[in-house]
Structures are given as structure tokens and as C-alpha cells.
Amino acid sequence: MKTRISRIIKMLCILPLISLFLTGCTSEIKPLSGLELSLAHKQKIPLKVGLYMSPDYCNYSFVTDQIYVTYYTIPLGSTLCHETKIIVEAIFEEVSVFPSLEANDKSINVIMIPEIVILKIQMMGYTHKSEALLIGKWTVVDMNGRLIWVDTFQSHVITTYGDHLPSTLKRAKFVLEDYFQNVFKGIQSWKLWESVAMTK
């Protein structure tokens, strides 16, 4: 009888551990920072643009795959907003950050609205490599909210992976750096700016 009770007690102790292992727990870490970008350019585009970054964009977080028994939440929103502002300011002569799309500034030529469409970082089977994919959408509207331009940018980075959290952070950093470099080059190449400049 004592043996049976002892087994029951052991099972009751083990069950929560099994549940934790299967479901995992979530832990938030410090925001990612310190991106290394090359923003060399010939000349700034002579336009005044508004920049609207939504609360979803500035509070964006990425949840990792399960690492041992934990899912880690990586806050990326502050990095996204900071780097976005730096890039737009590097491209245009004058930039105003709008707290909402209701802002009324007649001197603004266009308003730019960045979004994150998808971000995934995952292992590639048994190849000892991982892929990081980031797709973002940039919308351009006039001061009346009419759509002028939509474009997407993406970064697809494949790296050798480790099993620990630092490796996931490095992959997130790599894919963000590559993405923002593509955004910087892409926005400057838009033919849109020629027509906007002509209507100033």
C-alpha cells in the first residue's frame, strides 16, 4: 500500500515537469539594438515627407522557437522605429514623424507608412543551417490619404546555427540589417519621386 501511494506521489510531482517541457514557458529579453548599416548616398531627395509608424510596428515582437523549455520574446519594435527614422532621414531633405494619420501639414509632399508582413527564423532540418526571412511593406499616401505607391522589401538570410538564444539574436540582427539595407537602396530607386517632385 505504501509503495502504491509513493508511486502516486512521484507521478504527481513529475506531471507538472512533463507539462512544462511540452508546453514551455515564455520569457522576454532585452530589445535588440546596435544594427550596422551603410547609408552612403549621392544626394538627398529634395522632398519633405511624413513618416507614420503605427503602434503595432513600434511594439513589434518576435517569439522564438522553443529553446529547451522556453519560448523567448524578442522586442524589435524600438529597433524598427529607430532604424526606419534614420533611413528615411538619410534619403530625404526633410522628415516629420507623425503620431497619427490625422496630422495636417500642407507642406508635406507624401506620407510613408512601413509595416512588417512576416518575420520567421527557423532551422532547416538536419542541415545545421537556419533561415531568417523578413518581408516588409511600405505604403505611400498623399495628405488626403489617397494611395500613391506600395512596395515590398525582403531579406532572406541563411546561416549556420547554434542551439542557444545568442544564435537566434544574431540571426535576427543579420536579417534586420540586410532588410534595412534593401529598404534604403530600394526607396531611393523608386521612379515615384520624379513625379512627386514635378507636382511640388
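Residues numbered from 1 in each chain as written. Predicted model: local features only at pLDDT ≥ 70, side-chain atom pairs only at ≥ 80, totals over all residues. Heavy atoms only, no water.

S.K.: Which parts of the structure should I look at to understand the packing of aromatic side chains?
M.R.: Any pair of aromatic rings gets described here by the distance separating the centres and the angle formed by the planes. If you walk through the whole model with that rule in mind, you get five aromatic pairs. Centroid distance F92 to W193: 4.9 Å. Interplanar angle 80 degrees. Geometry classified as edge-to-face. Linking F92 in strand β5 (residues 92-98) with W193 in helix α5 (residues 192-198), this pair joins segments that are 101 residues apart in sequence. Pair check on accessibility: F92 and W193 agree, each one buried. Relative to F180, the ring of Y179 has its centre 5.3 Å away and its plane inclined at 65 degrees; by these criteria the two rings are edge-to-face. Here the aromatic residues F92, W149, F153, W190 and W193 are joined through ring pairs into a cluster of three or more. (Phe/Tyr/Trp six-rings, centres within 6.5 Å; stacked < 30°, edge-to-face > 60°. Helix = DSSP H or I, 4+ residues; strand = E, 2+ residues; numbered from the N terminus. Buried < 20%, exposed > 50% of the residue type's maximum accessible area, 1.4 Å probe, protein only.)

S.K.: Teacher, can you tell me more about the state of the cysteines here?
M.R.: Note on terminology: disulfide describes a covalent bond linking the sulfur atoms of two cysteines. In the structure shown here, the tally under the stated rule is one disulfide. Put simply, C58 and C81 are joined by a disulfide, and their sulfur atoms are 1.8 Å apart. Between C58 and C81 the sulfur-sulfur dihedral comes to about -105 degrees; the bridge is accordingly left-handed. Of the two residues, C58 is situated in helix α2 (residues 55-58) and C81 in helix α3 (residues 77-91); the sequence distance between them amounts to 23 residues. Judged by its relative accessible area of 25%, C58 is partly exposed. (Disulfide = S-S within 2.5 Å.)

S.K.: I keep staring at the environment of I187 and nothing clicks. Help me out?
M.R.: Structurally, I187 can be placed in helix α4 (residues 165-189). For the pair I187 and D151, spaced 36 residues apart in the sequence, the C-alpha separation amounts to 8.9 Å. Setting aside its immediate chain neighbours within four residues, I187 contacts I91, F92, M112, W138, F153 and W193. (Contact = heavy atoms within 4.5 Å.)

S.K.: Where do I start with the pairing of strand β7 (residues 129-141) in this structure?
M.R.: Strand residues, when the strand is regular, have side chains that alternate between the two faces of the sheet. Of all 13 residues in β7, 10 are buried, a share of seventy percent or more. Where β7 lies against strand β8 (residues 147-160), 13 bridges are found, and the strand directions are antiparallel. Along β8, the bridge assignment pairs A132 with V157. Remark: five residues form the turn of the hairpin made by β7 and β8, two consecutive strands paired antiparallel; G145 in that turn has positive phi of roughly 85 degrees. (Pairing = 2+ DSSP bridges.)

S.K.: For this particular structure, what's the right way to read the nonpolar core?
M.R.: One recurring pattern in soluble globular proteins is that nonpolar side chains are buried together. F92, M112, W138, I187, W190 and W193 are the most contacted members of the largest nonpolar core, which has 41 residues in total. Listing elements by their share of this core, those giving two or more residues are β2 (45-52), α3, β5, β6 (110-123), β7, β8, α4 and α5. Considering every element that reaches this core, the biggest residue donor is α4, with eight residues. Excluding its chain neighbours within four sequence positions, the residues that come into contact with F92 are K44, I45, L47, V49, M112, I187 and W193. Counting residues in hydrophobic clusters, the runner-up holds six residues, among them F98, I108, I111 and I113. (Core = buried A, V, L, I, M, F, W, Y, C linked by side-chain atoms within 4.5 Å.)

By themselves, these are just geometric observations and shouldn't be taken as functional.
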